Amino acid sequence: PARWEGKPEEDRALLPKIAAYETLKRLPKKHYQMARRIVRDHALPWELVMPLLGSDRESWKTIAPAMPVMALARNLRILIASGALGSPAVRDAVIEKLSDPDVIRNSRMLPFRWLSARDAVRELMKRPEHRADAAIAAKLDDALNGAVEISVQCLPRWYGRTALACDLSGSMSWTPISRHSKVFPAEIACILAAAAHRLCEEAVVYAFGSEIAVLSLDPADGLLTNAEQVR
């Protein structure tokens, strides 16, 4: 259009994406196959697409492969509960992204965020209606455990001798970190202590509440194993 003449090239490059979004807005309801193609071919942001499609199984199947990894981690419960991961193609795309070391490193998500996603999946799988999804849960569990380990590789090493003191007093387990979360400060403290221990050249680890203990953590053990030992 004439109105775009003289605009910067980066603005003009958005025209196909804008046109795709306008086409998506005008699609009749339930035209999921066409919607998937538009979303895939033009990499439309999932936050724009979901309000148009609604929050049902087919909508999540449409948008899940295009979601960035942080959004996937935060919405795994919905993807499972909606049945979207029952589709092999969608499930494989999601697990592939959650298992990609480069994607995990570039996300810059801290280890406890991955741990929170894993715990949310485990809690959901305890419900009777999701017991048939055990195979899916196992694959997600493996991917998220791996993401915890990979995420620490993004952090700088600490040289010399370092003292790590992990607060496990009662107040750390009184309330979750927010009203939207089920993660307690003590859980974050434990995983961060384990992560910090991994980053240290030499570390002395303490856990304290009403008493204090000196811990012996093995750097060769996994982060989650060491976090459990701190707890």
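Thresholds, definitions, all that
- Residues numbered from 1 in each chain as written.
- Predicted model: local features only at pLDDT ≥ 70, side-chain atom pairs only at ≥ 80, totals over all residues.
- Heavy atoms only, no water.
- Axes fitted to C-alpha atoms, helices over the stretch in contact; angles between N-to-C directions.
- Helix = DSSP H or I, 4+ residues; strand = E, 2+ residues; numbered from the N terminus.
- Parallel < 35°, antiparallel > 145°, perpendicular 65-115°, else oblique.
- Left-handed = near helix turned anticlockwise from the far one by under 90°.
- Contact = heavy atoms within 4.5 Å.
- Core = buried A, V, L, I, M, F, W, Y, C linked by side-chain atoms within 4.5 Å.
- Buried < 20%, exposed > 50% of the residue type's maximum accessible area, 1.4 Å probe, protein only.
- Polar contact = N/O pair within 3.5 Å; in protein donor to acceptor, adjacent residues only side chain to side chain.
- Pairing = 2+ DSSP bridges.
- Expected span 1.5 Å × (residues − 1).
- Salt bridge = Lys/Arg side-chain N within 4 Å of Asp/Glu carboxyl O.

What about the packing of helix α11 (residues 134–152) against helix α12 (residues 185–199)?
Two elements in contact, α11 and α12, have axes whose closest approach is 10 Å; the angle formed by their N-to-C orientations is 50°. Taken together, the axes of α11 and α12 lie oblique to each other. Judged by the sense of rotation from one axis to the other, the crossing of α11 with α12 is right-handed. Residues V148, E149 and V152 of α11 pack against I191, A195, R198 and L199 of α12.

Quick look at the nonpolar core
One recurring pattern in soluble globular proteins: nonpolar side chains tend to sit buried together. Counting residues in each nonpolar core, the largest one holds 68 residues, and the members touching the most others are L76, L98, W114 and L140. Every residue in contact with L98, bar those within four places of it in the chain, is listed here: V69, L72, L76, I104, W114, L140, A143 and A147.

Some details on the side chain of N145
For N145, the position within the fold is in helix α11. At a separation of 3.3 Å, a polar atom in the side chain of N145 contacts the side chain of R118.

A word on the sheet that holds strand β1 (residues 158–167)
Two pairing modes exist for strands in a sheet, parallel and antiparallel, and in both the strands are linked by backbone hydrogen bonds. Overall, mixed pairing links the 3 strands, which are arranged β1-β2-β3 in an open sheet. Looking at strand neighbours, the two that pair on one side only are β1 and β3 (212–215), the edges of this open sheet. Each adjacent strand pair in this sheet contributes to an overall mean axis angle of 20°, direction not counted. Pairing of β1 with strand β2 (residues 200–208), which is carried by 8 bridges, proceeds in the parallel orientation. From the neighbouring strand, A165 faces β2, where its bridge partner is Y206. The sheet contacts of α12 involve β1 and β2, and relative to β1 the element is tilted by about 165°.

Here we look at unusual backbone geometry
Excluding glycine, residues mostly carry a negative phi; peptide bonds, for their part, are mostly trans. Even without being a glycine, R108 presents a positive backbone phi close to 55°. Position of R108 among the secondary structure elements: in the loop between α9 (101–107) and α10 (111–125). Relative accessible area serves as the criterion here: at 65%, R108 is assigned to the exposed category.

A short note on α12
Along an α-helix, residues three or four positions apart point the same way, because every turn accommodates 3.6 residues. An ideal rise of 1.5 Å per residue puts 21 Å on 15 residues; α12 measures up with 21 Å between its terminal C-alpha atoms. Of all 15 residues making up α12, 11 are buried, and the element is well covered by its neighbours. Listed in full, the buried residues belonging to α12 are A186, I188, A189, C190, I191, A193, A194, A195, A196, H197 and L199. Contact partners of the buried residues in α12: α10, α11, β1, β2 and α13 (223–230).

Quick word on the pattern of salt bridges
Tallied over the full model, the rule gives 7 salt bridges. R105 is the salt-bridge partner of D102, the closest N and O atoms lying 3.2 Å from each other. Taken together, the positions of D102 and R105, both in helix α9 and 3 residues apart, correspond to about one turn of that helix. Between R118 and D119 there is a salt bridge, and its shortest N-O distance comes to 3.0 Å. A residue is classified by how much of its surface remains accessible, and R118, at 9% relative accessible area, is buried. On the basis of relative accessibility, which here comes to 26%, the residue D119 falls in the partly exposed class. Bridged by salt links that share partners, the residues R57, E58 and K61 form one connected network.

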